[in-house]
Amino acid sequence: MRRQVLVFIFVLSLSSVRGQVSYSVPEEMAKGSVVGNIAQDLGLNVKRLKSGNARIYTRDSAEYIELNKQAGVLLIKERIDREALCGVTTPCALHFQMILENPMEFYTVTIEITDINDNPPTFDRSEMKYEISELALTGARFVLEKALDKDVGINGLQRYTLKPTDHFALKTISRGDGTKNVEMVLQKPLDREKLARISLTLTAIDGGDPQLTGTMDILITVLDANDNAPVCSKPEYKASIIENASVGTVISMVSATDLDEGDNGKVTYTIPKSGSASIFQIDIDTGILTLLGVIDYEKIRHYELDVQITDKGGLSDACKVIIEVIDVNDNKPSIDIMSKSHSISEDVNPGTVVTMMNVHDLDSNENGKVHCVLDESIPFSMKSTTNSFFTVVTDSDLDRELTSEYNISVTCSDEGVPSLSSSVTITLQIADVNDNPPVFEKASYEAYIVENNTPGHSIFTVKARDPDWNQNARVSYILEDSSVNGVPVSSYVSVSADSGVMHAVRSFDYEQIKDFNFLVKAQDGGSPPLSSNVTVKIRIQDQNDNAPQVLYPVQSGSSLVAEMVPRSADVGYLVSKVVAVDVDSGQNAWLSYKLQKATDRALFEVGLQNGEIRTIRQVTDKDAVKQRLTVIIEDNGQPSRSATVNVNVAVADSFPEVLSEFTDFTHDKEYNDNLTFFLVLALAVVSFLFITCLVVIISVKIYRWRQSRLYHSSLPVIPYYPPRYSDTLGSGTLPHVYNYEVCRTTDSRKSDCKFGRTGSQNILIMDPKDVNDNKPDISIMSKTSVISEAAKPHTVVTMINVEDKDSGQNGKVACFINEEIPFIIRTSTNNFFSLVTDSDLDRERASEYNISMTCSDEGVPSLSSSVTFSLQISDVNDNAPVFDKSSYEAYIVENNTPGFSIFTVKARDSDWNQNARVSYILEDSSINGVPVSSYVSVSADIGVIHAVRSFDYEQIKDFQFCVKAQDGGSPPLNSNVTVKILIQDQNDNAPQVLYPVQSGGSLVAEMVPRSADVGYLVTKVVAVDVDSGQNAWLSYKLQKPTDRDRVLFEVGLQNGEIRTIRQVTDKDAMKQRLTVIVEDNGQPSRSATVNVNVVVADSFPEVLSEFTDFTHDKEYNDNLTFFLVLALAVVSFLFITCLVVIISVKIYRWRQSRLYHSSLPVIPYYPPRYSDTLGTGTLPHVYNYEVCRTTDSRKSDFGRAGSQNILIMDPSSTGTMQQIHSEKSILDEPDSPLEVRTF
């Protein structure tokens, strides 16, 4: 079995590759026989056949061929009988298309069915009878019935033989249509008397191997005396008939004449039995040819009939009638959808192919010409690629938000009269593209929240809508970075990324902040994402959380203030006015005044709104001199808050009377204690300032002395920086280098490559002896500059045509790739090669390939050519962000400031560009019923975790939450990480003494008998510290024992037990006061003190008698106050004297330096200049200095140096730095004067 394959590949303007493959197979092949490996012949991978859903498209004809997608081969589906399929038509071929999708491609496949010698020649009749007059002339012709052989070509009818050949010879006439007419020619006169009947055998022989034959017997009866044969008026008749003509239609008329008379002159017309004899008939007497059957132009376009004319005497003649069938427009166009897209992106460029269809009209000429139109005004148009192939392409930009689906009606009409048409409707979905940013429902938002809210309280909701679809319409809400009063806005509010709900992170105080603004960004989930911002204003509403504050009269426990009312005061006399304010606002700050208590309610009243205290009756002698009024000030809030103030009123006519009455208003012990405390505090502060001043002065002097020593020892070396360009304005807008790479896509609407097609060629074949003098010429037919890393193996990257002008072995070319890369070369035909992917691509491993392709011929010596092209690998979002750690653990010290940065989480995405942009989102969760967003916040861009509130270790020791890292791909990928925050304790709580309980109103004492032994347990100080760790380790110390010389007691350092350390004697005082200090181990440490009263006595009555004089007398307090005031005065005098002396010395030195510099000569000097190189802008002006030194200088800030580096500051050249190295210094001369002068 011999099979031939011919492959043609060319590029269509449809942006899909179409190829033509031709095969040749013999008929009668068994089912399942292999026709050819179409995948290999077309350069396709078997996987491409599967992924592209390869299928055979055969229009409406029977399916003889099937495609095995697993092996990529064409198989015989049904037995093919060439004679039944094509009849006598040659060549006989099956035409069909193979369709691929994603991307859409189609290939035309032609299978030629070759004939085998399976049919012998046959005659319609087994015998044929002739009556021939004996007067028949030599050379008379007798048309014999043709044999029919269904085979064609060499297997068809080739020749005839006639036996015996005594009287007749056989003559074969070849026609223009390839058929052969056979005639029997009389070559020897007949003699009925010798031979009345002749029996001949006509044998038809074909050219097959082995040869097949068919025979027919010819019986000739020799008649007597008819010596004139009929003669046709024309040897050939031509006629035409339309294909839908009715039966009986007259086609033509054949005429003949016979010179004989009588019956011998009468002729008859007959059509020999053949394939066309059943369609046409001829009148035997008149020769009129009429239509007997149905004719179809699409099946047979012309007929050739043989007409036999015979007279009564047996003489005959023959003529031929050629009938042309005229086409009628009786077939409407047939529309076949070859491939169509069910969905198309709304951002496709105009001209994108949506559907490919084949329109076939069986009619011919104008009746078979078809044009297709779209019925509606839609953004699509129809384009014709060939006479029968049409494509529906986009005509303008699409917008899914306006129309998400199109029902495209295509109508195809031919040009016949009348015109026939067919229609088909195609449904096309428009896929969404992220081309619309989210839009907020309002241009700005304003919300209210009542102060003293709980953290995590929901304030209101912002809402944005995105008209896109699915992932592109998923809106996330992000709080834009900003600050309110220097504090990040994230410490005030938080926003839910999914719902847009605004939560208060902290409790607001109307008195501290009344309103604030910030921005909320709504970002969709597209790639790249689109966003929009909206301004949100939060207004704090006042709550009645502040009680009124009394400004007058001032309340002081250490002084007596009284208002005096003369006894002659009239009714309504203004005694005083209570002045109060409320820091709240609105009705919460409206104050009302009421008299709560009074010595005599009938004498005074207070104004409800103004707080004025007035008399309501005349003062009498019976009214008490001392009057105490209690006024309550109440605000108008809900619930209301109030404050009280006591007003002392003296009813008297003179001040001495008031003094005599108020002499019993004495200052108690509390007043003395307060005065002593403030005196000690003032003395400590003034002493501290005095000592600090002295330390600072001494430190400054030592520092200056050391600096002068360092300067004289060595001059500073200013490093030299070579010239370079820098930002001249110091703005630093380009601190880094940015490199950009430019890529072009394969779907460019314009192409510099054009492909032509030749209609026909005349080939001149010359066969000189070839020499390998031409190296292969490589032409890139089509190439892809960028390919997605998700491309499947065997994806075509580049198609090249390699032509070698040499012939034979010299012209055979092989191509290969020079390096090991995931690409291979595939051969389509001898001259066409494809570069395809060989394995999966990974942009993260290699983002670009420089592919070198070398093509060599097989000549000796071999010649080669090379071509190199770059291929960019475009990124696909196939990698989720990965955190640096599987979990995080961070520490923060309690009592932190809100907004404090705790630490940073970091995730990396190995993708590129938008796919690698990582955003950090705090996953919704709660801690002790409070949203985690009220504890911490995360920066969406950099992943910094901020504390939203101040933490207290005593309330919460640790908590954990999840942070999500999400990339910007579509769809986005994400990963989570668990973060655990541990609160570290700070020593912020002093120890608390539980026992003994301290009370200022009662005296509690521990009793120790005089007979107590050493180590006697007097009592135990019990204290606790709510801190933890070493901050809660307590130690106890005895601070102030009463008897310092003879210490009687000690306290346990760890347990706080107070025990005796010696035997009690009679000399020990009965009353003992111990001060125990309880100190924790924190840094810095905190402490608490407790006083323990101890009585050394054997009985309780003895204790009572001794404690009757347990009071502090006034004389002791007076002496202590005197000495404290004296010490404070002395220290203050020393401190002020020191300051005056220092200032005087400074003024004196300054005046001396001014007098000295005014008498020096001016020596002009222009030093070199430096300029600032780093663009910091710290020296925006030029400062030139001239230096001179005198011989009598006691101090000099300039030392001798062998060389010096001079810094030049030049405002005109802020971007460069220069350094001049002077080989000889002006300071080389030891006595050379130096002058310092500032310009």
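None of the values given here were measured: they were computed from a predicted structure.

What counts and how
Positions within a chain are numbered from 1, following the residues in the order the chain's sequence is written. Predicted model: local features are reported for residues with pLDDT of at least 70 only, side-chain atom pairs are reported and counted for 80 or more only, and whole-chain, interface and lining totals are derived from all residues. Note that the side-chain values use all heavy atoms of the structure and ignore hydrogens as well as water. Helical segments are the DSSP runs of H or I of at least four residues, strand segments are the runs of E of at least two, and each set is numbered from the N terminus. Throughout, exposure labels follow a simple rule: accessible area from a 1.4 Å probe, protein chains only, divided by the maximum for the residue type, with under 20% read as buried, over 50% as exposed, and the rest as partly exposed. Salt bridges, as used here, are contacts in which a Lys or Arg side-chain nitrogen is within 4 Å of a carboxyl oxygen on Asp or Glu. Note on pairing: two strands pair once DSSP finds at least 2 bridges between them. To obtain each axis, a line is fitted to C-alpha atoms, and for helices this fit is confined to the stretch in contact; angles are then taken between N-to-C directions over 0 to 180 degrees. Any pair of nitrogen or oxygen atoms within 3.5 Å is treated as a polar contact; in protein, a donor-acceptor pairing is required on top of that, and neighbouring residues in sequence qualify only through side-chain atoms on both sides. The contact criterion used is simple: two residues touch if any of their non-hydrogen atoms lie within 4.5 Å. Geometry of aromatic contacts follows a simple scheme: Phe, Tyr and Trp rings, the Trp one being its six-membered ring, pair when their centres are within 6.5 Å, and the pair is stacked under 30 degrees between planes, edge-to-face over 60, tilted otherwise. In this scheme, Lys NZ or Arg CZ marks a charge over a ring once it lies within 6 Å of the ring centre and within 35 degrees of the ring normal. The disulfide criterion used throughout: a pair of cysteine sulfur atoms within 2.5 Å.

A word on the overall build of the chain. Scanning the chain from terminus to terminus reveals eight helices and 84 strands. Across the 1239 residues in the chain, those meeting the buried criterion constitute 41%.

Moving on, we get to the pattern of salt bridges. Taken as a whole, this structure holds 24 salt bridges when the rule is applied. Across the pair Asp-875 and Arg-843 runs a salt bridge, and its minimum N-O distance is 3.0 Å. Linking Asp-875 in the loop between β60 (864-874) and β61 (882-883) with Arg-843 in the loop between β58 (832-837) and β59 (848-857), this pair joins segments that are 32 residues apart in sequence. For the pair shown, Asp-875 and Arg-843 are each scored as buried. For Lys-1037, the salt bridge identified is with Glu-1079, shortest N-O distance 3.7 Å. Placement of Lys-1037 in strand β76 (residues 1034-1038) and of Glu-1079 in strand β79 (residues 1071-1080) is noted, with a sequence separation of 42 residues between them. Judged by relative accessible area, which is 41%, Lys-1037 ranks as partly exposed. The network of salt bridges with shared partners includes Arg-82, Glu-83 and Asp-115.

Now for the sheet that holds strand β13 (residues 180-186). Read across the sheet, three strands follow the order β10-β13-β12 without closing on themselves; strand pairing throughout is antiparallel. Where the open sheet ends on each side, the last strands, each with one partner, are β10 (141-143) and β12 (168-174). Looking at each pair of strands side by side, their axes are set apart by 35° on average, direction ignored. Strand direction decides the pairing type here: β12 and β13, joined by seven bridges, are antiparallel. Each residue of the ladder has a partner; that of Leu-170, found in β13, is Met-184.

Consider a sheet: its strands pair through backbone hydrogen bonds, and that pairing is either parallel or antiparallel. Here three strands make up an open sheet; going across it, the order is β74-β78-β77 and the pairing antiparallel. The outermost strands of the open sheet, each flanked by one partner alone, are β74 (1017-1020) and β77 (1049-1051). Put simply, the sheet's adjacent strands are angled 20° from each other on average, direction ignored. The pairing of β74 with strand β78 (residues 1057-1060) spans three bridges and is classified as antiparallel. Following the sheet pairing, Thr-1019 is matched in β78 by Ile-1058.

This next bit is on the side chain of Ser-33. Assignment of secondary structure puts Ser-33 in the loop between β2 (17-26) and β3 (34-36). Judged by relative accessible area, which is 17%, Ser-33 ranks as buried. Only 2.7 Å separates the side chain of Ser-33 from the backbone oxygen of Ala-30, close enough to count as a polar contact. Setting aside residues up to four positions removed in sequence, Ser-33 forms contacts with Leu-74, Leu-75 and Ile-76.

A separate point is the packing of aromatic side chains. Tallied over the entire structure, the rule returns 20 aromatic pairs. Geometrically, the ring pair formed by Phe-883 and Tyr-888 is edge-to-face, given 6.3 Å between the ring centres and 75° between the ring planes. Here a set of aromatic residues connected by ring pairs shows up, and it is made of Phe-440, Tyr-445, Phe-460 and Tyr-477. Between Arg-506 and the ring centre of Tyr-492, over which it is positioned, the NZ or CZ distance is 4.3 Å. Taking the ring centre of Tyr-510 as reference, the NZ or CZ of Lys-514 above it sits at 4.9 Å.

Looking now at the state of the cysteines. For the structure on display, the rule yields three disulfides. Between Cys-372 and Cys-412 runs a disulfide, and the two sulfur atoms are separated by 2.0 Å. For the disulfide bridge between Cys-372 and Cys-412, the dihedral angle about the S-S bond is near 105°, and by the sign convention the bridge is right-handed. Of this pair, Cys-372 sits in strand β28 (residues 370-374) while Cys-412 is found in strand β31 (residues 405-414), placing the two residues 40 residues apart along the sequence. If the cysteines joined by disulfides in the chain are listed in sequence order, their pairing comes out as 1-2, 3-4, 5-6. With no disulfide of its own, Cys-319 has Cys-232 as its nearest cysteine by sulfur position, at a separation of 3.5 Å. Here Cys-693 is not cross-linked by a disulfide; its sulfur's nearest cysteine counterpart is in Cys-1138, at 4.8 Å.

This part takes up the pairing of β59. Within β59, eight of the ten residues are buried, which leaves the element mostly enclosed by the surrounding structure. The pairing of strand β56 (residues 813-817) with β59 spans five bridges and is classified as antiparallel. Within β59, the residue paired with Val-813 across the bridge is Asp-857. As paired strands, β59 and β60 are joined by nine bridges and run antiparallel to one another. Paired with Cys-855 across the strands is Ser-865, a residue of β60. Connecting β59 to the next strand, β60, in antiparallel fashion are six residues.

Below, the discussion takes up the pairing of β28. Where burial is concerned, the two faces of β28 differ: the one with Val-370, Cys-372 and Leu-374 is buried and the one with His-371 and Val-373 is not. Pairing between β28 and β31: five bridges, direction antiparallel. Residue pairing for β31: Leu-374 is matched across the bridge by Val-410.

The next point concerns unusual backbone geometry. With glycine set apart, most residues show a phi of negative sign, and most peptide bonds adopt trans. The peptide bond linking Val-860 to Pro-861 adopts the cis configuration, its omega dihedral lying at -5°. Here Pro-861 is to be found in the loop between β59 and β60. Here the residue pair Ser-970 and Pro-971 is connected by a cis peptide bond, since its omega of -5° sits within 30 degrees of zero. The topology assignment puts Pro-971 in the loop between β70 (958-966) and β71 (974-984). For Asn-365, which is not glycine, the phi dihedral falls at a positive 55°. Checked against the element boundaries, Asn-365 lands in helix α4 (residues 365-368). Phi is positive for Asn-485, which is not a glycine, with a value near 55°. You can see Asn-485 is positioned in the loop between β38 (483-484) and β39 (487-488).

The residue Glu-889 is located in strand β62 (residues 887-893) in this model. Take Glu-889: its relative accessible area is 49%, and that puts it in the partly exposed class. Through-space distance from the C-alpha of Glu-889 to that of Val-979 is 5.8 Å; in sequence the pair is 90 residues apart. Apart from the residues lying within four places of it in its own chain, the contact partners of Glu-889 are Lys-980 and Leu-982. Separated by 3.1 Å, the side chains of Glu-889 and Tyr-891 make a polar contact.

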